[in-house]
Amino acid sequence: IEGGQGTAEDAVPTADEIAAAQARLGANGFIAYITCNQSSEYHAAQAREMADAAARYQVAFRIYNSDSDRYKQVTELERARADGAKGLIICPLDMDLLRDTLLSVEAARMPLVFMSTQNESYGGVFLAGDDYLMGVEAGRAAGEIIRDELDGQANIIILDYPSLPYIVARANGMQDGVLEVAPAARIIGRYLGAIRDNGRESVADLLDQGVDFNVILSINDAGSYGAIDALEDHDIDPSQVIISSVDAEAFAREYIRDNYFMRASVDVGRELFSQTGIDAMVKLLAGATLSETFLVPPGGVITREDLVTE
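Keep in mind the model is a prediction, meaning the values are calculated, not measured.

A. Layout of the packing of helix α1 (residues 15-25) against helix α10 (residues 270-285). Between α1 and α10, whose axes approach to 7 Å, the crossing angle comes to 70°. What the angle tells us is that α1 and α10 run roughly perpendicular. Residues E17, I18, A21, R24 and L25 of α1 touch α10, and the partners they reach there are V282, K283, L284 and L285. Residue classes in the contact of α1 with α10 are distributed as 6 nonpolar, no polar and 3 charged.

Dropping the structure here:
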C-alpha cells in the first residue's frame, strides 16, 4: 500500500502465509539477502538472525555479501537473481547505482524488502527505524557528558555517510541532539565514517592535520572502532576523547564499560529489524498486500551505568 505505514507486529505472517511462501519458493527457490557488508558485528549478526528466522519458517535463505562496495552490490544482486532467488532483501549502499537493476526487479514483480527507507520503493517495502531520533539520542548522550564533565565546551567531529539519506538524517539528529544539551559546543565538521576503514582514515587525517577535537559522534559503532584505531595509533589518551555512537554492539559495550573512548551507544533494536525483514518477505511471497513502510522502534541509550549494573 503506497504511503501506508505498519508496525513490526503487522508484518508477522500467518500459518497459511508461511505455507504459501514455502510453496512459491518450491524445491529450488530461495530468499536472497544482499548485505551492506559482513565485516561489522551489526551486519554479520543481522544476517545470522535473518537466517535463523528463515529457518524457523522453513524457507531457504542465502547471503550475498556486498563488502561495503556499492559497485559489487549491483553484481551480487544480479548474481542472486541468476541463481534463482524468488525474493530479495537488500541493505542498499547506493540507490542511484542500483536504479536500473531495481527497475528490472520491479518489472519482474519480485518481492522486495529494503532494510532502510529510501525515496522510491520499486514495488517493495521499507523497514524504517527513526534514524533522526537515534541520532538525537546519541547526540544528547554526548551533550550530557560535555555539560557535566567539560563545562559545556567541546570541539566535535561527526562521522557520517553522505551517500545514504537516512544516515544523513541520523547525523543531523546527532548534531541537533548534542547542541540541544550543550549549545556552546562547536561542530568542526562531518567526515566519512560508517565502516572501520573510513573512520580510521578520517580521524587519522584530522590528527595529522593538527585539528583539535575531543568529541566524536559516529553514525555507527563500526566507524567508532576505526576512530579508536586512529586515536590509538596517535597515542591519544582514552580520557581525552569522548565517543557517542549508534548500534550498541557487544564490542562497543566493552569499550563503554571500560570508559575506553566510547561512552554511549544507542541500541537500534537490530533483532526486531532482522525478524521483521523475514516476516515481511514471507508475507510478500504469499501474495499479501503490505504497507509500504514498517516502523521498527529503536532501543535505549547504553551507558556505563547500564552495563555495570547488569
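B. A look at the environment of Y255. With respect to the helices, strands and loops of the structure, Y255 is situated in helix α9 (residues 250-257). Residue Y255 is classed as buried on the basis of its relative accessible area of 12%. Through-space distance from the C-alpha of Y255 to that of R304 is 9.0 Å; in sequence the pair is 49 residues apart. If we ignore the near neighbours within four places in the chain, the residues touching Y255 are Y225, I228, Y260 and M262.

C. Structural view of the pairing of strand β9 (residues 215-218). A two-sided burial pattern is seen for β9, the buried positions comprising V215 and L217 on one face and I216 and S218 on the other. Across 4 bridges, the pairing between strand β7 (residues 155-160) and β9 is parallel. The partner of L159 across the bridge, within β9, is S218. The pairing of β9 with strand β10 (residues 242-246) spans 3 bridges and is parallel.

D. Here's a closer look at the pattern of salt bridges. Throughout the structure, instances matching the rule amount to 17 salt bridges. The shortest N-O distance in the salt bridge between D148 and R147 comes to 2.8 Å. Put simply, D233 and R200 hold a salt bridge, and the shortest N to O gap is 2.5 Å. Pair noted here: D233 is in helix α8 (residues 221-233) and R200 is in helix α7 (residues 196-208), with a separation of 33 residues, a long-range link.

E. The arrangement of the sheet that holds strand β13 (residues 301-303) in detail. What the 6 strands build is an open sheet, ordered β8-β7-β9-β10-β11-β13; its pairing is mixed. One side of each edge strand has no neighbouring strand; the edge strands of this open sheet are β8 (186-192) and β13. Here the average twist between neighbouring strands, direction ignored, is 20°. Summarising the sheet, β7 and β8 pair through 6 bridges and their orientation is parallel. For I158, the partnering residue across the bridge sits in β8 and is R190. Against the sheet, α9 makes contact with β11 (262-266) and β13, and its axis sits at roughly 140° relative to β11, the strand it touches most.

F. Structural detail: unusual backbone geometry. Phi at A194 takes a positive value of approximately 85°, unusual for a residue other than glycine. Topologically, A194 is positioned in the loop between β8 and α7. For A194, a relative accessible area of 12% corresponds to the buried category. One non-glycine residue, D235, adopts positive backbone phi at about 55°. With respect to the helices, strands and loops of the structure, D235 is situated in the loop between α8 and β10.

G. Expanded view of the sheet that holds strand β4 (residues 85-90). An order of β1-β12-β6-β5-β4-β2-β3 is seen for the 7 strands of this open sheet, with the pairing classed as parallel. Each edge of the open sheet is held by one strand with a lone partner, namely β1 (5-7) and β3 (61-64). Put simply, the sheet's adjacent strands are angled 25° from each other on average, direction ignored. Both β1 and strand β12 (residues 293-295) contribute to a ladder of 3 bridges, which runs parallel. Directly across from G6, in β12, lies its bridge partner F294.

H. Broad picture of α9. Those residues of α9 that sit buried are A252, Y255 and I256. Axial view of α9: buried residues confined to an arc of 100°, hence all on one face. Residues of α9 that are buried sit in contact with α8, β11, β13 and α11 (304-308). In the segment just after α9, N259 is the residue with positive phi, at about 55°.

Reading guide: rules and limits
Residues numbered from 1 in each chain as written. Predicted model: local features only at pLDDT ≥ 70, side-chain atom pairs only at ≥ 80, totals over all residues. Heavy atoms only, no water. Axes fitted to C-alpha atoms, helices over the stretch in contact; angles between N-to-C directions. Helix = DSSP H or I, 4+ residues; strand = E, 2+ residues; numbered from the N terminus. Parallel < 35°, antiparallel > 145°, perpendicular 65-115°, else oblique. Contact = heavy atoms within 4.5 Å. Nonpolar A, V, L, I, M, F, W, Y, C, P; charged D, E, K, R; others polar. Buried < 20%, exposed > 50% of the residue type's maximum accessible area, 1.4 Å probe, protein only. Pairing = 2+ DSSP bridges. Salt bridge = Lys/Arg side-chain N within 4 Å of Asp/Glu carboxyl O. Arc of directions from axis to C-beta.

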